[in-house]
Each structure stands twice: as C-alpha cells, then as structure tokens.
Amino acid sequence: MFESSFLEMLLIGVVALLVIGPERLPTVARTIGRWIGKVRRFVANTRASVESELHTEDLREMLFRQEEEMRNLRIMMQEKTDSVRKELEQHDKPQQ
C-alpha cells in the first residue's frame, strides 16, 4: 500500500473542505471511510483465503510424501517376508 504523512493528509483535508464545503464534508468522509473499510476487509479476506489455500497445498504434499514412504515400506516388508519364506523353505527341505 502507499504511505502518506500527516502533512499530506492535512493538505487533502483542506482541499476537500474547500472543494466539497463544510456541510457535505462529514458525509463524504464517512462514505470514503466505509469504502476504505470494505477494501481493507476484502484484501484481508483474500489474503486469508490465499494463505489457507497455500497451507492446504503444503498439507497435500506432506500427505503424498507420507503415502509414498508407506508404499516403499510395504515393498520392503514384502521383500523381507519373501526372503524369509525362501530361507525357511530351503531349511525345511530334506537334504540329500
């Protein structure tokens, strides 16, 4: 966002007072304040939504990695189980 100093805000206020007039200035200031509030809420909601979506994407990535690790562990367990079975079968066979 842009930044403004007190002197700049004072200058804008004086120009607005001269252009709009003292009768309508409070109404215009209130309307501008409402619009600024709406814009700020919109920006905050949008930012929260984007951050939430990014967080969701991070969680999806972590879940995918964990599922892949589980698949690898299952494969390793299956290989070990097969290896142990072969060893047992060879041990149980009568020796000639």
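Look up: the structure comes first, before these words.
Residues numbered from 1 in each chain as written. Predicted model: local features only at pLDDT ≥ 70, side-chain atom pairs only at ≥ 80, totals over all residues. Heavy atoms only, no water.

S.K.: A description of a nonpolar patch on the surface should follow, citing residues and the corresponding values.
M.R.: A cluster of nonpolar side chains, namely Phe-6, Leu-7, Leu-10, Leu-11, Val-14, Val-15, Leu-18 and Val-19, defines an oily patch on the protein surface of about 900 Å² accessible area. With respect to the helices and strands, Leu-11 occurs in helix H1 (residues 6-20). We classify Leu-11 as exposed; its relative accessible area is 57%. (Patch = residues over 30% accessible without salt bridge, like charges linked within 9 Å, V, L, I, M, F, W, Y side chains within 5 Å. Areas by Shrake-Rupley, 256 points an atom, 1.4 Å probe, with all protein chains shown as cover. Salt bridge = Lys/Arg side-chain N within 4 Å of Asp/Glu carboxyl O. Helix = DSSP H or I, 4+ residues; strand = E, 2+ residues; numbered from the N terminus. Buried < 20%, exposed > 50% of the residue type's maximum accessible area, 1.4 Å probe, protein only.)

S.K.: Tell me about a positive patch on the surface, residues and numbers included.
M.R.: On the surface, Arg-30, Arg-34, Lys-38 and Arg-41 cluster together into a patch of positive charge. If you trace the backbone, Arg-30 turns up in helix H2 (residues 25-92). (Lys, Arg positive; Asp, Glu negative; His and termini not counted. Charge placed at Lys NZ, Arg CZ, Asp CG, Glu CD.)

S.K.: Can you tell me about the environment of Ala-29, naming the residues and giving the values?
M.R.: Note that Ala-29 resides in helix H2. Taking the C-alpha atoms as reference points, Ala-29 and Val-14, 15 residues apart in sequence, are found 13 Å from one another.

S.K.: Residue-level account of the packing of aromatic side chains, with values.
M.R.: By convention here, two paired aromatic rings are described through the distance between centres and the angle between planes. Under the defined criterion, the tally for this structure stands at 0 aromatic pairs. The aromatic ring of Trp-35 is capped on one face by Lys-38, whose charged end is 5.3 Å from the ring centroid. (Phe/Tyr/Trp six-rings, centres within 6.5 Å; stacked < 30°, edge-to-face > 60°. Lys NZ or Arg CZ within 6 Å of the ring centre and 35° of its normal.)

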